[in-house]
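# Tertiary structure, described
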Amino acid sequence: MVDGMARVEDQGFEFVAIFDADFEPPVDFLYQTVIHMVRDDNLAFVQTCWTFTNSDSLLTWAQKVGLDFHFAVEQRARSFLGHFFNFNGTAGVWRVKAINDAGGWESDTVVEDMDLSLRVYLKGWRSIYLHDVKCPNELPSTLSAYKTQQFRWLSGPMQIVRKSFANIWFSRDIGFLSKLNCYWFFCRYFVFAIVTIVALLASPIVLWLDPWTWGFPTIYFLVSANVAVVVYLYFTIFSYIFLLFSVVLGYFKMWAMTSGILGLKKSKSWKVTLKFAANDNNSWLRSYHKPYTLELALFAYYGLMLGFSIWYENWGLTAYNGVMSFAFLVVSFGDYFL
């Protein structure tokens, strides 16, 4: 990005469109986006909607569900309400003046797009999301490629928390409520981490610290949890499959967050997400990964909890641990199954 901007720096261009190599923008993309920039001089960037050319496996289907929610709900709502939302790194148009005003494209995090989005927001610039402008692209089709992408997407925001936490508070160009909304944007990641920890500790707590009895609190919790799933994902078997996928990958994502917030060396390396072309059936292109250590360890943990659940004749917990241990076993060899 920096090299590309440098090549056209002296040519007087006002806007720059950004695409990853696998994106296929519509022929009238510039007309549908630049017109908004021309009408509003305070608009820093325009983000458009991603659509997907390959959602024919469990892995790519689960990604599509999550990203469709991100664009159709999160980006759309934040744009409409005027809250901070991040540029997604591709399929959008930036105003060169806004980039320069915020200090340029910086590479001290692995999510330069989100970092720049925050810096222009703190400078008082606006941005909009256009849900009706669709840009097809390819999803990572192997678990190793997906985990590479997710590690960057989860460790990067934590790097921004380290870098910009004070900058948000001391910004003079946004109001107090906008600052709180920015903090929530980044702190919500910690909520997901807490849910993951609860899922990890549920079994020993129920077995040894606070055994469940079939009274009102337990029944209320189970009913409310399932109603939450229904509201969020609709009531189908696929809802629970997606929820299970999210929980199982949550431990890896929590490790990525920890790496980013602690500034570990692994979080500072930028790795390209491998794509194989959605219409390319040459399986020899795919580089399969050895079994994943973290997921194998969690398979062993939930397998141990399964044994204790059976020993104590806690059949509800037996079902939970059985499902979780099987899910982690599958993900451990996910490049072969997903």
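All of these numbers come straight from a predicted model, not from anything done at the bench.

### Comments concerning the pairing of strand S1 (residues 15-18)
Every second residue of S1 is oriented toward a common face, the buried set being Val16 and Ile18 and the non-buried set Phe15 and Ala17. As paired strands, S1 and strand S3 (residues 92-95) are joined by 4 bridges and run antiparallel to one another. Paired with Val16 across the bridge in S3 is Trp94.

### Regarding the environment of Asp101
Following the sequence through the fold, Asp101 ends up in helix H4 (residues 96-101). As for Asp101 and Lys123, which are separated by 22 residues in sequence, their C-alpha atoms are 7.9 Å apart. Apart from the residues lying within four places of it in its own chain, the contact partners of Asp101 are Lys123 and Trp125. A distance of 2.8 Å separates polar atoms of two side chains, one belonging to Asp101 and the other to Trp125.

### Points about the side chain of Thr90
Within the fold, Thr90 resides in the loop between helix H3 (58-81) and S3. Judged by relative accessible area, which is 0%, Thr90 ranks as buried. Look past the residues within four positions of Thr90 in its chain and what remains in contact with it is Ile18, Phe19, Asp20, Phe23, Gln47 and Trp50.

### A word on the pattern of salt bridges
Counting across every chain of the model gives 10 salt bridges. Salt-bridge contacts for Asp108 lead to Lys163; the nearest nitrogen and oxygen are separated by 3.0 Å. With a gap of 55 residues between them, Asp108 in the loop between H4 and helix H5 (112-122) and Lys163 in helix H6 (residues 143-170) connect regions that are remote in the sequence. Given a relative accessible area of 49%, Asp108 falls into the partly exposed group.

How each quantity is defined
- Residues numbered from 1 in each chain as written.
- Predicted model: local features only at pLDDT ≥ 70, side-chain atom pairs only at ≥ 80, totals over all residues.
- Heavy atoms only, no water.
- Buried < 20%, exposed > 50% of the residue type's maximum accessible area, 1.4 Å probe, protein only.
- Helix = DSSP H or I, 4+ residues; strand = E, 2+ residues; numbered from the N terminus.
- Pairing = 2+ DSSP bridges.
- Contact = heavy atoms within 4.5 Å.
- Polar contact = N/O pair within 3.5 Å; in protein donor to acceptor, adjacent residues only side chain to side chain.
- Salt bridge = Lys/Arg side-chain N within 4 Å of Asp/Glu carboxyl O.

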